[in-house]
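# Tertiary structure, described
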Amino acid sequence: MAVIRPFRAIRPAAEFVSRVAALPYDVYKREEARVAAGKEPLSFLNIDRPETQFAEDYDMYAAEVYEKAAAMLREQCEKGIYIQDEIPCYYLYELVMDGRSQTGLVACASIDDYCSQVIKKHENTREEKEQDRIRHVDACNAQTGPIFLAYRSTERLERLIAAEKERQALYDFTSEDGILHRVWKVSESEAASAIEQEFAQIPNLYIADGHHRAASAVKVGLKRRAEAVQYDGTEEYNYFLSVLFPEKELKILPYYRVVCDLNGYSEEEFLSEVRKNFMVEKSDTPVEAEQKGEFGMFLGGQWYRLLANKELLNGTDPVRLLDVSVLQDALLCPVLGIKDPRTDSRIDFVGGIRGLAELERRVSLDMKVAFSVCPVLISELFAVSDAGLLMPPKSTWFEPKLRSGIFIHEMSDK
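Read on for an overview of the structure.

## Thoughts on empty space enclosed by the protein
- For the coordinates displayed, the defined rule picks out three cavities of 30 Å³ or more.
- Taken as a whole, the largest cavity holds about 90 Å³ of empty space.
- V137, Q143, T144, G145 and R213 are, among the 13 residues lining the largest cavity, the residues nearest its centre.
- For the lining of the largest cavity, the secondary structure elements donating two or more residues are α6 (127–140), α9 (211–227) and β12 (239–246).

## Some thoughts on the packing of aromatic side chains
- Per the counting criterion, the structure on display carries 13 aromatic pairs.
- Aromatic side chains F7 and Y91 sit 5.6 Å apart centroid to centroid with 65° between the ring planes, which places their arrangement in the edge-to-face category. With F7 in the loop between β1 (4–5) and β2 (10–12) and Y91 in strand β4 (residues 90–97), the pair connects residues that are 84 residues apart, well separated along the chain.
- You can call F7 buried: its relative accessible area is 1%.
- Relative to W397, the ring of Y255 lies with its centre 5.3 Å away and its plane at 85°, an arrangement referred to as edge-to-face.

## Notes on unusual backbone geometry
- A cis geometry characterises the amide bond from E399 onward to P400, with omega recorded as -5°.
- Mapped onto the secondary structure, P400 falls in the loop between β20 (397–398) and β21 (409–410).

## Structural notes on helix α11 (residues 323–332)
- α11 sits mainly inside the fold: nine of its 10 residues count as buried.
- Among the residues of α11, D323, V324, S325, V326, L327, Q328, A330, L331 and L332 are the ones counted as buried.

## Structural notes on the pairing of β4
- With eight of eight residues buried, β4 lies mostly within the body of the structure.
- Burial along β4 is two-sided: Y90, L92, E94 and V96 facing one way and Y91, Y93, L95 and M97 facing the other are all buried.
- Inspection of the sheet shows β4 paired to strand β10 (residues 180–186) by seven bridges, in the antiparallel sense. Looking at the pairing, Y91 lines up with K185 of β10.

## Topic: the environment of L332
- Checked against the element boundaries, L332 lands in helix α11.
- With relative accessibility at 1%, the residue L332 sits in the buried group.
- On a C-alpha basis, the gap between L332 and N263 in space is 10.0 Å, while along the polypeptide they are 69 residues apart.
- Those residues in contact with L332 that sit more than four places away from it in its chain are R257, V259, L327, G337, I338, I347 and F371.

## Focus: the packing of helix α7 (residues 155–164) against helix α8 (residues 189–199)
- Where α7 meets α8, the closest approach of the two axes is 10 Å, and the angle between their N-to-C directions is 155°. Our classification of the angle between α7 and α8 gives roughly antiparallel. Classified by chirality, the crossing of α8 by α7 is left-handed. For the pair formed by α7 and α8, the contact residues are R156, L157, L160 and E164 on the first element and A191, A194, I195, E198 and F199 on the second.
- Its residues placed into classes, the contact of α7 with α8 shows six nonpolar, no polar and three charged.

## Description of the pattern of salt bridges
- Summed over all chains, the structure comprises 38 salt bridges.
- For R133, the salt bridge goes to D132, with nearest N and O atoms at 3.0 Å.
- Residue classification places R133 among the buried residues on the basis of a relative accessible area of 5%.
- Looking at D132, the relative accessible area reads 13%, which means it is buried.
- A salt bridge links R224 to D138; its shortest N-O distance comes to 3.0 Å. You can see R224 sitting in helix α9 and its partner D138 sitting in helix α6, a full 86 residues away along the chain. Judged on exposure class, the residue R224 and its partner D138 are both buried.

## Topic: the pairing of strand β8 (residues 147–151)
- With five of five residues buried, β8 is to be regarded as a mostly interior element.
- Burial along β8 is two-sided: I147, L149 and Y151 facing one way and F148 and A150 facing the other are all buried.
- Of the pairings in the sheet, the one linking β8 to β12 comprises five bridges and is parallel in character. Across the sheet, residue Y151 finds its bridge partner in β12, namely P246.
- One ladder, built from three bridges, connects β8 with strand β11 (residues 205–209); its direction is antiparallel. Note on β11: the bridge partner recorded for L149 is I207.

## Things to note about the layout of surface pockets
- The computed volume of the second largest pocket comes to approximately 530 Å³.
- Residue lining of the second largest pocket: 19 residues in total, with A21, A22, Y28, S43 and E176 positioned closest to the centre.
- At the level of secondary structure, the elements contributing two or more residues to the lining of the second largest pocket comprise α1 (17–20), α2 (30–38) and β9 (171–174).
- For the lining of the second largest pocket, the element with the highest residue contribution is α2, accounting for three residues.
- When the residues that make up the lining of the second largest pocket are grouped by side-chain class, the tally is nine nonpolar, four polar and six charged.

Calculation rules
- Chains are numbered independently. Their residues run from 1 in the order of the written sequence.
- Whole-chain, interface and lining totals are the exception, using all residues; otherwise, since this is a predicted model, local features are given only for residues with pLDDT of at least 70 and side-chain atom pairs are given and counted only at 80 or more.
- Side-chain numbers come from the whole structure's heavy atoms, not from hydrogens or water.
- Cavity and pocket criteria rest on a 1 Å grid covering protein atoms alone: a 1.4 Å probe that fits but cannot get out defines a cavity, protein on both sides within 12 Å along at least 5 of 7 lines defines an open pocket, and an atom within 4 Å of a point defines a lining residue.
- Grid points are joined across faces, edges and corners, and a volume is the space filled by probe spheres set on the points.
- Helical segments are the DSSP runs of H or I of at least four residues, strand segments are the runs of E of at least two, and each set is numbered from the N terminus.
- Stacked, edge-to-face and tilted are the three classes for Phe, Tyr and Trp ring pairs, Trp counted by its six-membered ring, which pair at centre distances within 6.5 Å; planes under 30 degrees apart are stacked, over 60 edge-to-face, the rest tilted.
- Three exposure classes are used, based on accessible area relative to the maximum for each residue type with a 1.4 Å probe and protein chains only: buried under 20%, partly exposed in between, and exposed over 50%.
- A strand pair is defined by DSSP finding two or more bridges across the two strands.
- Contacts are assigned to residue pairs with any non-hydrogen atoms lying within 4.5 Å of each other.
- Axes here mean lines fitted to C-alpha atoms, for a helix over just the part in contact, with angles spanning 0 to 180 degrees between N-to-C directions.
- Working rule for angles: under 35 degrees goes down as roughly parallel, over 145 as roughly antiparallel, 65 to 115 as roughly perpendicular, anything else as oblique.
- Put simply, a crossing is left-handed when the front helix is turned counterclockwise from the back one by less than a right angle, and right-handed when it is turned clockwise.
- Asp, Glu, Lys and Arg are counted as charged, while Ala, Val, Leu, Ile, Met, Phe, Trp, Tyr, Cys and Pro are counted as nonpolar; the rest, among them Gly, fall into the polar class.
- Salt bridges are counted wherever a side-chain nitrogen of Lys or Arg sits within 4 Å of a carboxyl oxygen of Asp or Glu.

Quick look at the structure:
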């Protein structure tokens, strides 16, 4: 059963929260991060991506870069930009995008639950990406980016959370991209105890987004546990910062694919190959995949609708039945020669939030063909995780993104 506990959040003073809150560090390329961080000196992106404080060609993985992150965090705490709650609390974090609301519980999850697979994952992680966050967490003595977890809700949890949202909000602001952010503090012991007990009845949690942050936090915690002179399991490093959302409030956007060439085929030859596994029809308008087995394809200035042959949609393997897998197994690999999308430089990925116009732009700029894909369902994510399997890379895109800097979990036992 899931262990969820409150914590003493380091968080922005109310007058600074809208300036501090920043998109996650990993949605930016290096130059994009530099530009974004330069627009607002209090943006948490300056701490999350501390290489932005150095020359453009400076080694972003140098020890002094991570030391700079820790120094900036300490300095801003001393200046009162950040405050720390005196007692452990839960928090509620609501995001409203295009009129759709989702509310998560901000808490600390157990690294032991991660190791025992009470907390389940659906993606592999890469060692080099883990090392960056391990060094950042270790230097700052804090987890600065929350892990996005999902769970199967209960009626009692829904009632508890709804009741707490009737109270005065701690934060209430709209970010530059139009997303409304509200935060409540759950500090009354009776409500906090009820929430904790209810989560103790939930058998599994699922990582929706933040696999690298989760793996890094767990590795830092295990390292500190191994180095500890005294240890009783209550130390803060045994837990990692999370925001937990009920599955029915979550929406997954698609992750599009773009490929830079046709693997030696002419456009006509390529279309002939595609027709072996898909019904192909021209479309006068851009094609957003809206049902399982349907794909949009943009090639040579023309949109096509692809419908997968029925035999491709049969089976029991939850990974093979994902539309991203059908596209990979029936087209990208056998026709375009993309054997490993994790490492092949000929393929790139476009988050669904950017829309179909971005696919047209990429094809006109540096790519040859683009594909829209039906988004993964949250039930499919759970099914893959429950089976102990892994999704293909870049399968899910969650919106809205959780802001970094609103909640920081101090690992005080250093």
